[in-house]
Structures are given as C-alpha cells and as structure tokens.
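# Residue-level structural notes
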Amino acid sequence: MSDKNRASQKSIKTVITHAGNNPRDYYGFVNPPVVHASTVLFPDSATLASRNQKYTYGTRGTPTSDALADAITEIEGAAGTIVVPSGLAAITVPLLGFVKAGDHILVVDSVYSPTRRFCDTILAKMGVETTYYDPEIGADIETLFKPNTSIVFTETPGSNTYEIQDIPAIVEVAHRHDAMVMLDNTWATAVFYKAMSFGVDIVVHAGTKYPSGHSDVLLGMVSANEKYWDKLYETYVTFGVCAGPDDIYLVLRGLRSMAVRLAHHEKSALSIAERLQNVEGVARVLHPALPEFPGHDLWKRDFSGSSGLFSIVLDGGDASTSRWKRKADAFLDALEIFGLGYSWGGFESLAVPVFLGDRIVAKPPTEGPVIRLQIGLEDTEDLLADIMQGIAAANAVS
Ligand SMILES: *Cc1c(COP(=O)(O)O)cnc(C)c1O
C-alpha cells in the first residue's frame, strides 16, 4: 500500500474499522450509543453557568455525532469534522460560513450541479460573484484571481464527466493569494484520495453515498484543517444544522464496511468500463482509471483507486434530432437490473441520463447522450449483460 493511502501509520482499511468511538467509553460495547438529545443536564448552578462539561446541548454534539465526526477526522487527517443533514448541506454550510458580501469565488465548471445552483442564487443574492473555471486549468487558475477571491471550490473527478483537477497546483496558487481551497471528495472518498495531504483546507463528503452504502439515509460531513476548524465549528453551531442521531449511526455503521465495498465497486466498474470501450454504439467511456481517459495521468499521480461511478457516451448522431434522446430512452428502458434513479454509492446499480447543458467552459461530449452508471454489488457479468441489452436497444433505434 502506498504512503498516500495511509492514515497515521496504519492502512486506511484498519483505521476505518476502528476510528471514532472507543468501546471502553461505554462498557465495552463495540458500537457507540444512539443518543437522542436536546437537553443535557448539569450537576449544579456553577457548571450550568460555565457550561464546563463535555456535552452541553444537542445541537453542539453528542457521543453519536462525535463518533462519526472523529472517525472522519482521523480518516481525512483533518483537525475536525462537522456532520450535517445532507451532502448538499455539507457544501452550502461551509460556503456560507466562509464568504462575505463582495467576495469573488472560483468554482470548477464540472461541479455537482446543485452546488452551481447555490452559487448562482443564494450567493449571488448576497453579492458574492462566482467564476466557473475549466477543470483542466491547473496552475493557470492564477489568471482568474481577483483581489477579492476568497475561495476556490474544487471537485475531482468532476461530476458526470470525471475531469481530474491538478489540486496541488491549484492549492499552491490559491494559498499564495490567501484563498481557501474546498474540495468535494464524494467520488473517491478518503480511501482513494487524501485531499488534505495535497493542501486542501476543507473537504466535503456526501455521507449519503459510499459511507452510508445502502441508499437509505441522507447525511453530509465537512472536515477542516487546523487553520479553519474553529470557524467551521462556529458556523455549524451558529446555523444549528445538526443531523439526527439515527442517520448518523447508520452512516457510521456503513463506514465500517466502506473500504471493502469500494474494492468491489472499483474492480467491477473498471472491468465493465474496459469492456465497453470497443462496443458498437458506445462512442466513449468516461472513467479516469482508463489509460485512454484524458485526465488519466493526473489520476494515477494523485489517486490510489477508483470508485464505482462512471459514464458512457452513446453514439447519438445529430444532437438536433429526436434520435439522440430516443437512443438514451431505449437504453434506459431496456435495463432490467439497473434501477433508474438519482444518487449513487449504494449496494444497487443505477443508471441516469446526464444533463450537461449548464456547463460554461467544460464542454460536454458531442457524440451522443451521456449515461451515468453506478456499478453496485451485483455480479459483474450480470451487469455487463444488462448494459449490453441496453446498448442493443439503443442501436436498434433508427
Ligand atoms: C450526491 C452528491 C452530493 C450531495 O449529496 P446529498 O446527500 O444527496 O445532498 C454532493 N456532491 C456530490 C459530488 C454528489 O454526488
């Protein structure tokens, strides 16, 4: 195992199994208690006044939220982590906490589209200007800096099209300009991408995806380095965006098996992606672990693995004709194992058509419709056969 895949001295697979709670704190029970709490009692009026005890109110943390937050902090190599009710909240809360009216921020153009909507609506209304940059810009991002640029929001690989960003180069420029770097690490997780080791200040995760792993819970985690942790925690307490204990518990439970699940997602998705490359009716496969993928060298330099989400571009012909959309529909409707639905990271396979019409500089593929595939834990050959059935249906559209 390479160094970038290590947290402290141990393998991440070992850390992920034990990080967070200490069984000895609760009589040796392996898992932490699920603490449902608003009120926390104080032993006397002096303690009540000073609030000098570990827990003081439900919104400020409980043994349950601490167990997950501490586990993520250790896995990420961060100074601290907050747990919020969704992956989207894990993006909006730190953005709101760290910008001020009149700021300029840089956001990658291949960003998760609800992040874009937040910047274009709420942040715009507050007088924060957003510039979307090319995911492949690297150190040239310097040309986009203004005196008031305060945050660079990155996501690597990019949503749906998987462009890989040169994060160390972007961090170097941003820090020279006193700007903070945030990174949405949902695709790779800390198992495959050690964002903080590349100098990222704030790392965001949709716990909804691989950490949960079962498509039954929404949660988000935000980790900060030493420099920004106090302010992040203060933002969390000020907003009151605490998550419910049952949801937090489910994500901690899922986290314990995440590295093992990811190993299967990785192997199965890559095997399918490789074999779809030369299939008639598939114009391109967008998966950063394929040597043919444009960002592959950067991926190889910085990542220690790939997860189970990638996209295929179907041969669509002319984008202005209805044939393009009919092909996508035929593909999706012929699938039997893959479910049609949003989100990903669960045990089950999913497919969705991808909308890329909001891109400004990162131009979407022109060969045909883009279909995103989440490769679940089913048998690889069964999944490939299901996809081939979809491709045959798309190829039959005249
Ligand atoms: C799904 C997703 C999110 C948001 O997660 P939710 O829990 O669904 O709000 C954030 N970032 C990325 C990259 C995602 O794919």
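A few points on the structure. A quick note: this is a predicted structure, and the numbers were derived from the prediction, not measured. Starting afresh in each chain, residues are numbered from 1 along the sequence in its written order. Totals for whole chains, interfaces and linings use all residues, but because this is a predicted model, local features are given only for residues with pLDDT of at least 70 and pairs of side-chain atoms are given and counted only at 80 or more. Only heavy atoms go into the side-chain values, all of them from the structure, while hydrogens and water stay out.

This brings us to the overall build of the protein chain. By definition, any uninterrupted DSSP run of H or I lasting at least four residues is a helix, any uninterrupted run of E lasting at least two residues is a strand, and each is numbered from the N terminus. The number of helices and strands found in the protein chain is 13 helices and 14 strands. A compact globule built from 398 residues would reach a C-alpha radius of gyration of about 21 Å, and the protein chain, at 22 Å, matches this within 12%. Across its three principal directions, the C-alpha atoms of the protein chain cover 80 × 50 × 35 Å. For the protein chain, buried positions account for 56% of its 398 residues. The globule rule is 2.2 Å times the number of residues to the power 0.38, and the radius of gyration it is compared with is taken over C-alpha atoms. The rule is simple: take the accessible area with a 1.4 Å probe, protein chains only, and divide by the maximum for that residue type; under 20% is buried, over 50% is exposed, in between is partly exposed.

To continue, consider the site of the ligand. Being near a molecule or strand, for a residue, comes down to having at least one heavy atom within 4 Å of it. Taken together, 14 residues lie around the ligand, and G87, L88, D184, T208 and K209 are the ones closest in. The definition of a polar contact used here is a pair of N or O atoms within 3.5 Å, where within protein one atom must be able to donate a hydrogen and the other to accept one, and adjacent residues in sequence count solely through side-chain atom pairs. In this structure, G87 approaches the ligand through a main-chain N or O atom, which is 2.7 Å from an oxygen atom. L88 has a polar backbone atom sitting 2.9 Å from an oxygen atom of the ligand. Using a 1.4 Å probe, the Shrake-Rupley method yields the accessible areas, and only the shown protein chains count as cover for residues. Contact with the protein chains removes 90% of the 380 Å² of surface that the ligand exposes when unbound.

What follows is about the packing of aromatic side chains. A pair of Phe, Tyr and Trp rings is counted when the ring centres sit within 6.5 Å of each other, with Trp represented by its six-membered ring. The angle between the planes then sorts it: under 30 degrees is stacked, over 60 is edge-to-face, the rest tilted. If you walk through the whole model with that rule in mind, you get seven aromatic pairs. Ring geometry for F98 against Y228: centres 5.5 Å apart, planes inclined by 90°, an arrangement best described as edge-to-face. On the criterion of sequence distance, the pair formed by F98 in helix 4 (residues 87-98) and Y228 in helix 8 (residues 226-239) is long-range, its members being 130 residues apart. Here Y228 falls in the buried class, since its relative accessible area comes to 12%. Linked through ring pairs, W187, Y193, F198 and F303 together constitute an aromatic cluster. Seen from the ring of Y132, R116 lies directly overhead, with NZ or CZ sitting 4.5 Å from the centre. Placement of a positive charge over a ring is assigned whenever Lys NZ or Arg CZ falls within 6 Å of the ring centre and within 35 degrees of the normal to the ring plane.

The next subject is the sheet that holds strand 11 (residues 309-314). DSSP calls a pair of strands paired once it identifies at least 2 bridges connecting them. Taken in spatial order, the five strands of this open sheet run 10-11-14-13-12, and their pairing is mixed. Looking at strand neighbours, the two that pair on one side only are strand 10 (282-286) and strand 12 (339-340), the edges of this open sheet. Bridging between strand 12 and strand 13 (residues 350-353) involves two bridges; their strand directions are parallel. The partner of G339 across the bridge, within strand 13, is L350. Any two residues having at least one pair of non-hydrogen atoms within 4.5 Å are treated as being in contact. Think of each axis as a best-fit line through the C-alpha atoms, taken over the contacting stretch in the case of a helix, with angles from 0 to 180 degrees between the N-to-C directions. Along the sheet face, helix 10 (residues 258-276) touches strand 10, strand 11 and strand 14 (370-374) and points at about 15° away from the line of strand 11.

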